[in-house]
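Structure at a glance
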Amino acid sequence: MTDSSAAAWSAAEVLALFEQPLPELLYRAQGVHRRHFDPGQVQACSLISVKTGSCSEDCAYCAQSVHHDTGLESEALLDVEAVRAAARRARQAGANRLCMGAAWRGPKERDLEPLLAMVRAVKAEGLEACLSAGALRDGQAERLAEAGLDYFNHNLDTSPAYYPEIVTTHTYEQRLATLERIRAAGLKVCCGGIVGMGESREDRAELLRTLAGLPVQPQSVPINELIPIPGTPLEDAAPVDPFELVRTVAVARILMPGSYVRLAAGREQMSDELQALCLSAGANSLFLGERLLTAGNPGEDHDRRLLERLGMGLEPREHACADLEP
Ligand code: SF4
């Protein structure tokens, strides 16, 4: 199996990767990483919530669902000037991209114009723009692409089999349909999942196999560790073995060699050593900033110090998706 034929991985092959001795798995993942990226560089993105809470969906991990009593204060859609200011701050902090999250099942028609204005404002600040706003209807992805949106985030969260345990208000098939709309409109896809929701290793393997088997592999693959939020059905979820997170990152790197694998939510609860291991397993993207939508994140100073201690640095802004091998 070569790196580029990842779409053809069988379930047994992906599980066999997970089951390798950790040093073997890391060695293999590092080889793939080095052939496609500079292993000393990390892409930096910044994330803001542009519409918070009161979401109709029942995702079991999410503080923003109306189905869970988390005490979160809802906020209406942000003003475009607030987004412009956030983009400016993100740029000054060294981020390449501003990711905007809106807690919705999907944007209604009346929401689209304000979203388009936000995209234009982020682009005018010289950053890439990413939007996460739930399911898209016909034509919406095209309009976002015309406004200059670079990425649309739409996570698959977990395996097809485990998804109904996590979400009942929409289906995996609906998620896949939105991913196809995004791709067909020429937008880059940001799509990943969450580790630590009570899923099995088989579920983690199937999530990665599904992502790798999409018609085009997602250009960005966020791997999140569950932040158990009081008031959600997963508030008491048992933490996953940290080495399982490292394995998940490494297998993602091997299956999706040219994708940016982002160590996303949950870093605040990870040790520096665990984050270093994930970066050594092929993760090459981080969110900078102290907030991730409604959750905490290590501060920029801490991240800069960590990267310095590891002898690593932020990817230059003009750097495009790398493919160092012809
Ligand atoms: S759709 Fe998004 S915002 Fe809404 S509950 Fe699910 S994860 Fe949270």
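Note that the structure is a prediction, hence the values are computed from the model and not measured. (Residues numbered from 1 in each chain as written. Predicted model: local features only at pLDDT ≥ 70, side-chain atom pairs only at ≥ 80, totals over all residues. Heavy atoms only, no water.)

Focus: the UniProt feature "binding site: [4Fe-4S] cluster" (unreviewed entry) in the chain
- As recorded in UniProt, the feature "binding site: [4Fe-4S] cluster" (unreviewed entry) lies at Cys-55, Cys-59 and Cys-62.
- Within the secondary structure, Cys-55 sits in the loop between strand S1 (41-51) and helix H3 (80-92).
- Counting through the fold element by element, Cys-62 comes out in the loop between S1 and H3.
- Residues within four places of Cys-62 in sequence aside, it is in contact with His-68 and Thr-232. (UniProt positions renumbered as here; feature names shortened; annotations may be inferred. Helix = DSSP H or I, 4+ residues; strand = E, 2+ residues; numbered from the N terminus. Contact = heavy atoms within 4.5 Å.)

What to know about the side chain of Glu-125
- Along the chain, Glu-125 falls in the loop between helix H4 (109-124) and strand S3 (128-132).
- Relative accessible area serves as the criterion here: at 11%, Glu-125 is assigned to the buried category.
- With near-sequence residues (within four places) excluded, Glu-125 lies in contact with Arg-84, Ala-87, Arg-88 and Arg-91. (Buried < 20%, exposed > 50% of the residue type's maximum accessible area, 1.4 Å probe, protein only.)

What to know about the packing of helix H9 (residues 242-255) against helix H10 (residues 272-280)
- As a packed pair, H9 and H10 sit with axes 8 Å apart at the nearest point and diverge in direction by 25°. Taken as axis vectors, H9 and H10 run roughly parallel relative to one another. Crossing hand, H9 versus H10: right-handed. When H9 is examined against H10, the residues Pro-242, Phe-243, Leu-245, Val-246 and Val-249 are found in contact with a partner set consisting of Leu-274, Leu-277 and Cys-278.
- Partitioned by chemical class, the residues of the contact of H9 with H10 number eight nonpolar, no polar and no charged. (Axes fitted to C-alpha atoms, helices over the stretch in contact; angles between N-to-C directions. Parallel < 35°, antiparallel > 145°, perpendicular 65-115°, else oblique. Left-handed = near helix turned anticlockwise from the far one by under 90°. Nonpolar A, V, L, I, M, F, W, Y, C, P; charged D, E, K, R; others polar.)

A closer look at the UniProt feature "binding site: [2Fe-2S] cluster" (unreviewed entry) in the chain
- Within the UniProt annotation, "binding site: [2Fe-2S] cluster" (unreviewed entry) is assigned to Cys-99, Cys-130, Cys-190 and Arg-262. The greatest C-alpha distance among the residues just named is 14.0 Å, despite their covering 164 residues of sequence, which places them together in space.
- Structurally, the position occupied by Cys-99 is in strand S2 (residues 97-102).
- For Cys-99, the contacting residues outside a window of four places in its chain are Cys-45, Ser-46, Leu-47, Ile-48, Cys-130 and Phe-287.
- When you line up the elements, Cys-130 lands in strand S3.
- Non-local contacts of Cys-130, meaning those with residues more than four positions away in its chain, are made with Arg-97, Leu-98, Cys-99, Met-100, Leu-149, Tyr-151, Phe-152 and Asn-153.

Some remarks on the packing of aromatic side chains
- Following the criterion strictly, the structure yields two aromatic pairs and no others.
- Considering the side-chain rings of Phe-37 and Tyr-260, the 4.8 Å spacing of their centres and the 65° angle between planes classify their relative orientation as edge-to-face. On the criterion of sequence distance, the pair formed by Phe-37 in the loop between helix H2 (22-36) and S1 and Tyr-260 in strand S8 (residues 260-263) is long-range, its members being 223 residues apart. Each member of the pair, Phe-37 together with Tyr-260, is buried.
- The ring of Tyr-151 carries the charged tip of Arg-97 above its face, separated from the ring centre by 3.7 Å. (Phe/Tyr/Trp six-rings, centres within 6.5 Å; stacked < 30°, edge-to-face > 60°. Lys NZ or Arg CZ within 6 Å of the ring centre and 35° of its normal.)

Side note on unusual backbone geometry
- One non-glycine residue, Ser-54, adopts positive backbone phi at about 55°.
- Among the secondary structure elements, Ser-54 is positioned in the loop between S1 and H3.
- Its relative accessible area of 44% is what places Ser-54 among the partly exposed residues.
- If you check the backbone angles, Asp-157 has positive phi at about 70° while not being a glycine.
- With respect to the helices and strands, the residue Asp-157 is situated in the loop between strand S4 (151-153) and helix H6 (163-166).
- Residue Asp-157 is classed as buried on the basis of its relative accessible area of 2%.

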